[in-house]
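Residues per chain, in single letters:
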Amino acid sequence: MSEKLIRVLVAKPGLDGHDRGAKVIAQALRDAGMEVVYTGLRQTPEQIVSAAVQEDVNVVGMSILSGAHGTLFPEVVNLLKEKGAGDILVVGGGIIPDEDIPALKDAGIAEVFGPGTPLAEVVKYIQENVKN
Amino acid sequence: MFSKDQLDKIAAKRENWTAKLEATKKKRPERQPQFSTDSGVDVKAVYTPLDLVDMDYERDLGLPGEYPYTRGVQPNLYRGRLWTMRQYAGFGSAEETNQRFRYLLEQGQTGLSCAFDLPTQIGYDSDHPLAKGEVGKVGVAIDSLADMETLFDQIPLGKVSTSMTINAPAGVLLAMYIACAEKQGFTKSQINGTIQNDVIKEYICRGTYILPPEPSMRLISDIFEFCSKEIPQWNTISISGYHIREAGSTAAQEIAFTLADGIAYVDAAIKAGLDVDAFGPRLSFFFNAHLNFLEEVAKFRAARRVWAKVMRERFGAKNPRSWTLRFHTQTAGVSLTAQQPMVNIMRTAFEALSAVLGGTQSLHTNSYDEALALPCDESVMIALRTQQVIGYEIGVCDMVDPFGGSYYVEALTNALEEKAWEYIGNIDALGGAVKAIEYMQKEIHNSAYKYQLAIDNKKKTVIGVNSFIMEDEEKPKGLLKVDLSVGDRQVAKLAKVKAKRDPAKVESLLQAIREAAQSDANLIPVFIDAVREYVTLGEICDVLRDVFGEYKQQIVF
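Residues numbered from 1 in each chain as written. Chains lettered and ligands numbered in written order. Predicted model: local features only at pLDDT ≥ 70, side-chain atom pairs only at ≥ 80, totals over all residues. Heavy atoms only, no water.

A. Looking closely at the sheet that holds strand β3 (residues 59–64) of chain A. Residue and element names in this part refer to chain A. Taken in spatial order, the five strands line up as β2-β1-β3-β4-β5 in an open sheet, and their pairing is parallel. Across the chains shown, the open sheet's two edge strands, defined by having one partner strand only, are β2 (35–38) and β5 (111–113). With direction set aside, neighbouring strand axes in the sheet form an average angle of 20°. By the bridge criterion, three bridges tie strand β4 (residues 89–94) to β5 in an arrangement that is parallel. Paired with Val 91 across the two strands is Glu 111, which belongs to β5. (Pairing = 2+ DSSP bridges. Helix = DSSP H or I, 4+ residues; strand = E, 2+ residues; numbered from the N terminus. Axes fitted to C-alpha atoms, helices over the stretch in contact; angles between N-to-C directions.)

Right under this line is the structure:
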């Protein structure tokens, strides 16, 4: 394989405990040959960013089902930039109303995956958009 | 149930019939090579008495209201009274949730079910840094008794029963509920309701834990003891399979993991010196109603039978009320799709029907827009109307357990029971549910992944997602939006409440909680003393965190 291994941090920011989706995505990325670290629940943006830098990942995937995405997703992007890790691809998922998506994209979330997204679509998106 | 002679005749007939079936299959090939339920029980084309040769009617089924309660916990079930129609609600501030509660009661709902926001569920006040962005989002924010008073304004707590989805800080919220009811002029003996209070499943799959298992189990036993003496009709725990299923388990795992958690609570309470029949009758359960209709009906029946055996045979309970598994049901949130959301009304209706045919005591039906947002008034009303159609229009409530005696449903009930015992055996071997948290997490994750792969490769059809897709689908309008200012308003209200208190008094009440926590004293009475004086949830939980430490999640992936 000539391609560099893609390293992904799957993270659960905030207090939300629903991690079925996060773990299923993490498993699918791993099965697609990526190296995946899952943070576990209740991560602050600071914790996520420090894990991303420490693990030297190319991608951060976040999942929120509690409605706190508008506050927490952009905070992670901003902190990544502050740490000089602004080239990390940041994607999100969860219960996120369509009308919130433009603001999230403006804030630097590259893509938002809603309920019903096939796993293969997420894998493909990351493979095509990651900056190695 | 059948004589040897009859069974022989049926066996001979079935042999001929099987030859016919094979011939038919050549002309009309079957849709898939194999049929099975979500729990992996193989499904045959037809079921006969031959599938129930070992069944003993008296031993395995009995009559409704009789051991082992396979057919239900009441002799006349819905002929007496329909299940409690109880829609889970709560968002934003206490004022907004109070309005939703009153709307639901006006629409004919018969009990309340309160959702709290995540900071409340994890014991943080709204002004805590970790509460940022979460206040009022998935439920109502409750910081102090002042919020509880607003929440139940003009709702007489002595007359309505309330279920509260609160776990780690359940004792504190129960204390607030009692204090609020007393301020309204009711006594403890007049109030009725349920606290979820099931912390083990928080460790397993729901995530709103605070303390490590040992002190958590002690708090739960404190609640059992306090309620058995002071509010004997309160449901002290709602041992929940709902979230286990939502997290991805199969139906058989849902039964097993839920009842294994139940076994752990009973063990802990007995170890704390309580008599099993003092608290056994007040244990209640909470299950999911998922899409595989007949498997769900069988699941409820099997769960009742397993729990009856657990309480009578394993724990030696003598009071028949301790043997009965009474449960609330909610339809499967995970089965709702963001695509073609109106189709969710049908999914929810079938799921709800399975719960009714399975003999549920209360029911929440999901709203069609919940894969998109919190439900709006209109979608909540349709969800409630769905229950009313089942209860009042389609005739399924006029007899008890109509699927009793169905060859398939009985065989499936047996198969699920057998699988459940196997899992319970595995959990026992690991030292019980608390020790088996990571085992259950792994099992649930594996099932969830399998389920998703089955959708992705179209082995499982999901309308609107992998089949019958509509291009250019119009998105529903009028979705509920939680007012973004709720966090700021809540923080301001909290500051006002705190400013009115006597700091020395607050300090001494918190000190009393600290001392009780450090001794064997029951914590609930000191919680009540504190909340009456508007000591906040966060302040109380901070003391508990300080005394007992916090739970650290083991990451299983």
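B. Highlighting the interface of chain B and chain A. Facing the 40 residues of chain B at the interface are 37 residues of chain A. Between chain B and chain A, a total of about 3,000 Å² is buried, with carbon and sulfur atoms accounting for 55% of that surface. The largest share of the area that chain B buries against chain A comes from Glu134(B), Tyr449(B) and Phe557(B), three residues that together contribute 22% of it. Counting every contact that joins chain B to chain A gives three salt bridges. At the junction of chain B with chain A, the criterion picks out 13 residue pairs in polar contact (both at pLDDT 80 or more). Among the elements of the structure, α5 (118–121), α8 (200–206), α10 (242–246) and α18 (437–456) of chain B are those that each provide at least two residues to the side of chain B that touches chain A. Element by element, the count of residues in the side of chain B that touches chain A is highest for α18(B), at seven residues. By residue class, the composition of the side of chain B that touches chain A is 22 nonpolar, eight polar and ten charged. (Contact = heavy atoms within 4.5 Å. Buried area = accessible area lost by both parts, 1.4 Å probe. Salt bridge = Lys/Arg side-chain N within 4 Å of Asp/Glu carboxyl O. Polar contact = N/O pair within 3.5 Å; in protein donor to acceptor, adjacent residues only side chain to side chain. Nonpolar A, V, L, I, M, F, W, Y, C, P; charged D, E, K, R; others polar.)

C. Local environment of the packing of aromatic side chains. Counting across every chain of the model gives 20 aromatic pairs over all chains. Both rings, one in Phe152(B) and one in Tyr177(B), keep their centres 5.4 Å apart while their planes meet at 90°; by these two values the pair is edge-to-face. Placement of the pair is Phe152(B) in the loop between α6 (145–151) and β4 (162–165) and Tyr177(B) in helix α7 (residues 170–184), with a sequence separation of 25 residues. Clustering of aromatic rings is evident, with ring pairs tying together Phe285(B), Phe287(B), Phe300(B), Trp307(B) and Phe327(B). The lysine or arginine in question, Arg20(A), covers the ring of Tyr451(B), its NZ or CZ lying 5.5 Å from the ring centre. One residue, Arg312(B), lies across the ring of Tyr67(B), its end atom 3.8 Å from the ring centre. (Phe/Tyr/Trp six-rings, centres within 6.5 Å; stacked < 30°, edge-to-face > 60°. Lys NZ or Arg CZ within 6 Å of the ring centre and 35° of its normal.)

D. Geometry of the pattern of salt bridges. All names here are of chain B. Tallied over the full model, the rule gives 41 salt bridges over all chains. Arg 71 is paired through a salt bridge with Asp 401; the nearest N and O atoms lie 2.7 Å apart. Of this pair, Arg 71 sits in the loop between α2 (57–61) and α3 (77–80) while Asp 401 is found in the loop between α16 (377–392) and α17 (407–429), placing the two residues 330 residues apart along the sequence. Residue classification places Arg 71 among the buried residues on the basis of a relative accessible area of 15%. Linking Glu 417 and Arg 305 is a salt bridge whose minimum nitrogen-to-oxygen distance equals 2.7 Å. Taken together, the residues span a long stretch of sequence, with Glu 417 in helix α17 and Arg 305 in helix α13 (residues 293–314) at a distance of 112 residues. A residue is classified by how much of its surface remains accessible, and Glu 417, at 8% relative accessible area, is buried. Connected through shared salt-bridge partners, Glu 182, Lys 188, Glu 230, Asp 529 and Arg 532 make up one network. (Buried < 20%, exposed > 50% of the residue type's maximum accessible area, 1.4 Å probe, protein only.)

E. Local environment of the side chain of Gln387(B). Residue and element names in this part refer to chain B. In this fold, Gln 387 is placed in helix α16. Here Gln 387 falls in the buried class, since its relative accessible area comes to 0%. Not counting chain neighbours up to four residues away, the residues in contact with Gln 387 comprise Trp 83, Met 85, Arg 86, Gln 87, Leu 363, His 364 and Thr 365.

F. Seen up close, the nonpolar core. Residues and elements named next belong to chain B. Among the nonpolar cores identified, the biggest contains 104 residues, and Trp 83, Phe 224, Phe 257, Trp 307 and Met 311 are the most heavily contacted of them. Broken down by element, this core gets its largest block of residues, eleven residues, from helix α11 (residues 251–271). What Trp 83 contacts, discounting residues up to four positions off in sequence, is Tyr 78, Thr 110, Val 356, Thr 360, Gln 361, Ser 362, Leu 363, Gln 387, Ile 390, Gly 391 and Cys 397. With 65 residues, the next largest nonpolar core counts Ile 155, Val 172, Leu 219 and Leu 509 among its residues. (Core = buried A, V, L, I, M, F, W, Y, C linked by side-chain atoms within 4.5 Å.)

G. Representation of unusual backbone geometry within the structure. Looking along the chain, the bond that leaves Tyr67(B) and enters Pro68(B) is cis, with omega of 0°. Within the secondary structure layout, Pro68(B) lies in the loop between α2 and α3. Here Arg42(A), not a glycine, exhibits a phi torsion of approximately 55°, which is positive. Counting through the fold element by element, Arg42(A) comes out in the loop between β2 and α2 (45–54). On the basis of relative accessible area, Arg42(A) is assigned to the buried category, the value being 18%.

Any link to function would need more than the numbers given here.
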